[in-house]
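# Breakdown of the fold
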Number of protein chains: 2
Amino acid sequence: MIPTTAEAIKFFLSSKGVKPSLQRIKIYEYLATNKSHPTVDEIYVALAAELITLSKTTVYNTLSLFTEKNIISSILIEENETRYDANLTHHGHFKCVKCQKVYDFNFDLSKRQIDSLNDFIIAEYHAYIKGVCKKCNKT
Amino acid sequence: MIPTTAEAIKFFLSSKGVKPSLQRIKIYEYLATNKSHPTVDEIYVALAAELITLSKTTVYNTLSLFTEKNIISSILIEENETRYDANLTHHGHFKCVKCQKVYDFNFDLSKRQIDSLNDFIIAEYHAYIKGVCKKCNKT
DNA sequence: GTATCTGCAAAACATTTGCAATTCT
DNA sequence: AGAATTGCAAATGTTTTGCAGATAC
């Protein structure tokens, strides 16, 4: 399960070899409680209200560190924006080209046998779909 | 089949409603004959030798136009680099984190039933995997 | 008190935009 | 000539880097 309380996050980050500074805890907490797959900017804007000295550099540093340590994963759906996800279970992402929202969908590419990749070492599986979501489709 | 001769490309682009200028033909030809999923820069550098007045703006314009008209597709595997592919059949991409090469693999996400996306309109399917390729794994 | 972490300012890239020159018919 | 295309130069936006000050153990 993904930890969501400050205490649990503190413990979780420590267990991954990351010192749980206030900034790091808050950034992880934001990712864990907002399943919106936010961009760096979204995280920065949301947290800057509370952490008034927060810099974007710290957000970048922290997200890179988390990604390296396999604490979160980065997802690519749109050019020139990287999004982040605290949910490390295998799943796909759907981006609505109208409302820009990113939805999760149930799909595990790792369960598929892919013959042409025999003898390849696989580190990450990603699946994404673009289109128009149910809501936007109605309007 | 993907056209690869200048004549065939000329005809193909016209059939898609795109005027076949020299630059456009050369850019399409590069994509059709180099299955390396090149970046904008790779295309530009490769063609600038021959088309000495070629500008990167034209490469950008042309690739955007091709993507809009569904003549090619853009693929995202790495942050801050968009790659392009003239092969429009459904398939996945594998990027080797050592040699940086991008391989195709056989996989068609569109054939999978994804229940959580019922009533969603789907425009594009993408699957990509990162890891270490067979060759790099041996060395 | 020494390592690490944070954050400002500047740099580095990829991509886009405005616009003038060129090309095609 | 008129419309579309090309390409230069400048602008934009995201991410990275260098470094100084702050913080933690």
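The present account deals with the structure reproduced in this document. These figures come from a predicted structure and were not determined experimentally.

Facing the 36 residues of chain A at the interface are 36 residues of chain B. With both sides pooled, the region where chain A packs onto chain B buries about 3100 Å², and carbon together with sulfur makes up 64% of that total. Contact with chain B buries surface across chain A, with Leu76(A), Phe120(A) and Tyr128(A) losing the most and accounting together for 20% of the total. Here chain A is connected to chain B by zero salt bridges. Looking at which element gives the most residues to the side of chain A that touches chain B, the answer is strand β5 (residues 121–132) of chain A, with 12 residues. Along the lines of polarity and charge, the residues of the side of chain A that touches chain B split into 20 nonpolar, eight polar and eight charged.

Another point: the protein's contact with DNA strand C. Near DNA strand C, the surroundings consist of 14 residues, among which Ser21(A), Thr53(A), Ser55(A), Thr58(A) and Tyr60(B) are the closest. Close to the protein, within 4 Å, the atoms of DNA strand C are drawn from sugar and phosphate at a rate of 76%. Gln23(A) is positioned such that a nitrogen or oxygen atom in its side chain is 3.2 Å from a phosphate oxygen of DNA strand C. In the model, a phosphate oxygen of DNA strand C is placed 2.7 Å from a nitrogen or oxygen of the Tyr60(B) side chain. Of all elements in the fold, only α2 (22–33) and α4 (56–68) of chain A together with α4 (56–68) of chain B reach the threshold of two or more residues within the surface near DNA strand C. Partitioned by chemical class, the residues of the surface near DNA strand C number three nonpolar, nine polar and two charged.

Let's shift gears to the protein's contact with DNA strand D. Surrounding DNA strand D, one finds 14 residues, the nearest of these being Tyr60(A), Ser21(B), Arg24(B), Thr53(B) and Ser55(B). Here the atoms of DNA strand D within 4 Å of the protein split so that 77% fall in sugar or phosphate, with bases taking the remainder. For DNA strand D, a phosphate oxygen lies 2.9 Å from a polar atom in the side chain of Arg24(B). The contact in question runs from a phosphate oxygen of DNA strand D to an N or O atom on the backbone of Ser55(B), over 3.5 Å. If you list the elements that add at least two residues to the surface near DNA strand D, you get α4 of chain A together with α2 (22–33) and α4 of chain B. In terms of residue class, the surface near DNA strand D is built from three nonpolar, nine polar and two charged.

To continue, consider the sheet that holds strand β5 (residues 121–132) of chain B. What the six strands build is an open sheet, ordered β4(A)-β3(A)-β5(A)-β5(B)-β3(B)-β4(B); its pairing is mixed. Edge positions in the sheet fall to β4 (102–105) of chain A together with β4 (102–105) of chain B, since each has one partner strand and no second. Geometrically, the sheet is characterised by an average inter-axis angle of 25° between neighbouring strands, direction not taken into account. The sheet contact formed by β5(A) and β5(B) spans 11 bridges and is antiparallel. Paired with Ile121(A) across the strands is Val132(B), a residue of β5(B).

Our next topic: the relation of the copies chain A and chain B. Superposing chain A onto chain B takes a rotation of 180° combined with a translation of 0.0 Å along the rotation axis, leaving an RMSD of 0.1 Å. A rotation of that kind, with that shift, is consistent with a two-fold axis. Among all residues of chain A, the one whose C-alpha sits closest to the rotation axis is Ala127(A), at a distance of 2.2 Å. A share of 100% of interface residues in chain A that are also interface residues in chain B marks the association as one of identical surfaces.

The rules behind these values
Each residue is numbered by its place in its chain's sequence as written, counting from 1. Labels are handed out in written order, letters beginning with A for the chains and numbers beginning with 1 for the ligands. Note on the predicted model: pLDDT of at least 70 is required for a residue's local features to be given, and 80 or more for side-chain atom pairs to be given and counted; whole-chain, interface and lining totals, by contrast, use all residues. Only heavy atoms go into the side-chain values, all of them from the structure, while hydrogens and water stay out. The criterion used for residue contact is that any of the two residues' heavy atoms lie within 4.5 Å. Throughout, the accessible surface (probe 1.4 Å) given up by two parts as they are put together, summed over both, is called the buried area. Salt bridges are defined by distance alone: a side-chain nitrogen of Lys or Arg within 4 Å of a carboxyl oxygen of Asp or Glu. Helix and strand assignments follow DSSP, with helices taken as H or I runs no shorter than four residues and strands as E runs no shorter than two, numbered in order from the N terminus. Only Asp, Glu, Lys and Arg are considered charged in this grouping, and only Ala, Val, Leu, Ile, Met, Phe, Trp, Tyr, Cys and Pro are considered nonpolar; every other residue, Gly among them, is considered polar. To be near a molecule or strand, a residue needs just one of its heavy atoms within 4 Å of it. Side-chain atoms alone can form a polar contact between residues adjacent in sequence; in general such a contact is a pair of N or O atoms within 3.5 Å, and within protein one must be able to donate a hydrogen while the other accepts it. Only when DSSP finds a minimum of two bridges between them are two strands counted as paired. Here, axes are lines fitted to C-alpha atoms. For helices the fit covers the stretch in contact, and angles between N-to-C directions go from 0 to 180 degrees. In superposing the copies, a least-squares fit is computed on C-alpha atoms, taking residues whose pLDDT is at least 70 in both.

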